[in-house]
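Read off the chains here:
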Amino acid sequence: SFTNTKNSRFMKGIYDTHPTCSIHTFDMINSGNRSTTLSKPVDVSIPDIVKDLGHEGRVVDILLVDCDGCEWDTFHTWFESNITFKQILVKVHGVNVKSSDFFKHFQREGYVTFHK
């Protein structure tokens, strides 16, 4: 999860439902851009984090991203690691010139996109 603590209720709900799951949170706002799992700043890519956690080849049920605009510049790297994301939940911030590429990229990767 790349988010801030405002989504902690969501993650608590996931954990309460699936108490044996692993949750890694990278709070980019409230903890000085530090991970609660890794000791390095979260200015590295998801492939770097996957490697550092030893998660290559794993299946991740949910990737939650709420990074206050970083989604527009980083989305293409999310798929560069040897990992499978079943669901990717992204809070997009504003309209960006990359919006079309963003959604097309998800569709090319086999995801169905929707919004509320």
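Predicted model only: the values in this text are computed from it and were never measured.

Parameters at a glance
Residues numbered from 1 in each chain as written. Predicted model: local features only at pLDDT ≥ 70, side-chain atom pairs only at ≥ 80, totals over all residues. Heavy atoms only, no water. 1 Å grid on protein atoms, 1.4 Å probe; cavity = no way out; pocket = protein on both sides within 12 Å on 5 of 7 lines; lining within 4 Å. Points joined across faces, edges and corners; volume = space filled by probe spheres on them. Helix = DSSP H or I, 4+ residues; strand = E, 2+ residues; numbered from the N terminus. Nonpolar A, V, L, I, M, F, W, Y, C, P; charged D, E, K, R; others polar. Buried < 20%, exposed > 50% of the residue type's maximum accessible area, 1.4 Å probe, protein only. Arc of directions from axis to C-beta. Salt bridge = Lys/Arg side-chain N within 4 Å of Asp/Glu carboxyl O. Contact = heavy atoms within 4.5 Å.

Within this model, the second largest pocket holds a volume of roughly 650 Å³. Around the second largest pocket, the lining is made up of 25 residues, and of these Ser22, Ile23, Val60, Asp61 and Ile62 lie nearest the centre. Elements represented by at least two residues in the lining of the second largest pocket include exactly helix 1 (8-17), helix 2 (46-53) and strand 4 (59-65). Ranked by the residues each element gives to the lining of the second largest pocket, the list is headed by strand 4, at six residues. Residue classes in the lining of the second largest pocket are distributed as 18 nonpolar, five polar and two charged.

With that settled, consider helix 2. Taken together, the buried positions of helix 2 are occupied by Ile46, Pro47, Ile49 and Val50. The arc enclosing the buried residues of helix 2, seen along the axis, measures out at 160°, which places them on a common side. Taken from the residues just after helix 2, Gly54 is the one with a positive phi, measuring 70°.

Its location among the elements puts Gln87 in strand 5 (residues 84-90). Separated by 25 residues in sequence, Gln87 and Val112 have C-alpha atoms that sit 9.5 Å apart.

Applying the stated rule across the entire model yields three salt bridges. A salt bridge links Lys86 to Asp61; its shortest N-O distance comes to 3.3 Å. On the criterion of sequence distance, the pair formed by Lys86 in strand 5 and Asp61 in strand 4 is long-range, its members being 25 residues apart. You can call Lys86 exposed: its relative accessible area is 54%. As a salt-bridge pair, Lys98 and Asp73 come within 2.5 Å of each other at their nearest N and O atoms. Taken together, the residues span a long stretch of sequence, with Lys98 in the loop between strand 5 and helix 4 (99-108) and Asp73 in helix 3 (residues 71-74) at a distance of 25 residues.

Here Thr77 shows up in the loop between helix 3 and strand 5. The residues touching Thr77, leaving out its near neighbours within four places in the chain, are Ser45 and Pro47.

In this section: the environment of His76. Take His76: it is sitting in the loop between helix 3 and strand 5. For His76, a relative accessible area of 36% corresponds to the partly exposed category. Each C-alpha atom of the pair His76 and His105 lies 7.4 Å from the other, and the pair is 29 residues apart in sequence.

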